[in-house]
Amino acid sequence: VNGFPVFDNTGEFSEIVINFIDITGRRQAEEALRDSEERYRTLVDNLPVAVYRNTPGPEGEFLMANPAFCNMFGFKNEEEVKRVAPADIYANPDERTQFSDNLLEKGVVANDERTLLKRDGTPVNTSISSRVVYGQNGEVSHFDSIMLDVTDQKRAEEALRRSEKRMKGIFESIPSPIVVYNTEGHPLYLNPAFKALFLWSLDELKGRRIQFVPDDQKELTARKIGEVYRTGKVVRYETKRLTKQGKVVEVIVSGAF
């Protein structure tokens, strides 16, 4: 409702004019928007992954953070998150500038791995996917991001690397020839003793089988390989093999799947 007074020639108040504007459509749109935002926020708050929104640059600020984000970094609630700067959670604050600049240039960044810091200073390995959100006039408004805690995954990968390194060290020191195959029968690893006896290198065998089974041993070898696959147990047998130069070598083969 809009109202304004009307005065006569002498300046005396004479009447008031009132006009009405039908805002039913606007009210309905506003209500629909509130419902939509409430549903969106309910969904985001219940996601098990960290979802957050912040403004660009090293001096950016957090605009929103869901409970999963708060839990990941040790904040009590969203208001505590908003009192820190995005750069404050980076182990190396310069990386925040790098990340922001890269995102502004590309518009979207997926699975960007960063080491961030919890509120108590504990490092956490993360994988971040973000996109730039633009305003009505085309200006950059903010970043919307999803973050995963990959600390356990990184620990598992590091443990696997250490285990593989130890295993390789053991294989390298064993005086008996060892070869590791993939399921297609292509060699993945040859230890020094294997190279010394059979004179092949791994580079020349990549993507193909080792042709070192004599014709009269192929049936036995195929049968024993089938036994390994079928039982999953170690199979041990005496047979013959050929070196790269065709020399016959009598060997005891132990195979496992």
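Right above here is the structure, for reference.
The rules behind these values
- Residues numbered from 1 in each chain as written.
- Predicted model: local features only at pLDDT ≥ 70, side-chain atom pairs only at ≥ 80, totals over all residues.
- Heavy atoms only, no water.
- Helix = DSSP H or I, 4+ residues; strand = E, 2+ residues; numbered from the N terminus.
- Buried < 20%, exposed > 50% of the residue type's maximum accessible area, 1.4 Å probe, protein only.
- Salt bridge = Lys/Arg side-chain N within 4 Å of Asp/Glu carboxyl O.
- Pairing = 2+ DSSP bridges.
- Axes fitted to C-alpha atoms, helices over the stretch in contact; angles between N-to-C directions.
- Contact = heavy atoms within 4.5 Å.
- Polar contact = N/O pair within 3.5 Å; in protein donor to acceptor, adjacent residues only side chain to side chain.
- Core = buried A, V, L, I, M, F, W, Y, C linked by side-chain atoms within 4.5 Å.

Student: Talk me through unusual backbone geometry; I want residue IDs and the actual numbers.
Tutor: The backbone phi angle of Asn 111 is positive, close to 55 degrees, even though this residue is not glycine. Relative to the helices and strands, Asn 111 is located in strand 5 (residues 108–117). Positive phi is not limited to glycine here, since Leu 199 has a value of about 70 degrees. Along the chain, Leu 199 falls in the loop between helix 6 (192–198) and helix 7 (202–205). Since its relative accessible area comes to 42%, Leu 199 is described here as partly exposed.

Student: Residues and numbers for the pattern of salt bridges, please.
Tutor: One pass over the structure, following the stated rule, counts 16 salt bridges. Here Lys 244 makes a salt bridge to Glu 204, at a shortest N to O gap of 3.0 Å. Remark: Glu 204 occurs in helix 7 and Lys 244 occurs in the loop between strand 10 (235–242) and strand 11 (248–255); sequence separation between them is 40 residues. Looking at Glu 204, the relative accessible area reads 28%, which means it is partly exposed. With a shortest N-O distance of 3.8 Å, Lys 224 and Glu 227 are connected by a salt bridge. Residue Lys 224 and its partner Glu 227 are both found in helix 8 (residues 218–231); the two are separated by three residues, about one turn of the helix. A relative accessible area of 27% means that Glu 227 is categorised as partly exposed.

Student: Pulling in residues and values, what's your account of the environment of Pro 67?
Tutor: As for its position among the elements, Pro 67 is in helix 2 (residues 67–73). As a C-alpha pair, Pro 67 and Asn 46 span 21 residues in sequence and 7.7 Å in three-dimensional space.

Student: Explain the sheet that holds strand 4 (residues 62–65) residue by residue, including any values.
Tutor: Sheet strands associate in pairs through backbone hydrogen bonding, adopting either a parallel or an antiparallel arrangement. Pairing in this open sheet of five strands is antiparallel, and the strands run 4-3-7-6-5 from one edge to the other. Edge positions in the open sheet fall to strand 4 and strand 5, since each of these has one partner strand only. Here the average twist between neighbouring strands, direction ignored, is 25 degrees. Two strands pair when backbone bridges link them, and strand 5 and strand 6 (residues 123–134) are joined in this way by eight bridges, in the antiparallel orientation. Paired with Glu 113 across the two strands is Ser 127, which belongs to strand 6. Contacting strand 3 (50–54), strand 5, strand 6 and strand 7 (140–149), helix 4 (residues 94–106) crosses the sheet at an angle of about 175 degrees to strand 5.

Student: Explain the pairing of strand 7 residue by residue, including any values.
Tutor: As paired strands, strand 3 and strand 7 are joined by five bridges and run antiparallel to one another. Along strand 7, the bridge assignment pairs Ala 50 with Met 147. Examined bridge by bridge, strand 6 and strand 7 share nine bridges and lie antiparallel to one another. Paired with Arg 131 across the two strands is Asp 144, which belongs to strand 7. Hairpin connection of strand 6 to strand 7: five residues between the antiparallel strands, including Gly 138 at a positive phi of 90 degrees.

Student: An account of the side chain of Ser 145 is needed here, citing residue identities and associated values.
Tutor: Assignment of secondary structure puts Ser 145 in strand 7. Under the relative-accessibility criterion, Ser 145 is labelled buried at 4%. Polar contacts involving the side chain of Ser 145 include one to the side chain of Ser 130, which spans 2.5 Å. Not counting the four nearest positions on each side in its chain, Ser 145 is found in contact with Ala 50, Val 51, Tyr 52, Ile 128, Ser 129 and Ser 130.

Student: Give me the lowdown on the nonpolar core, citing residues and values where you can.
Tutor: Counting 21 residues, the largest nonpolar core has Phe 69, Phe 73, Leu 116 and Met 147 as the members making the most contacts within it. Those residues in contact with Leu 116 that sit more than four places away from it in its chain are Phe 73, Ile 89, Tyr 90, Ala 91, Thr 122, Pro 123, Val 124, Thr 126, Ile 128 and Met 147. Formed by eight residues, the second largest nonpolar core is a distinct cluster that contains Leu 190, Phe 194, Trp 200 and Val 213.

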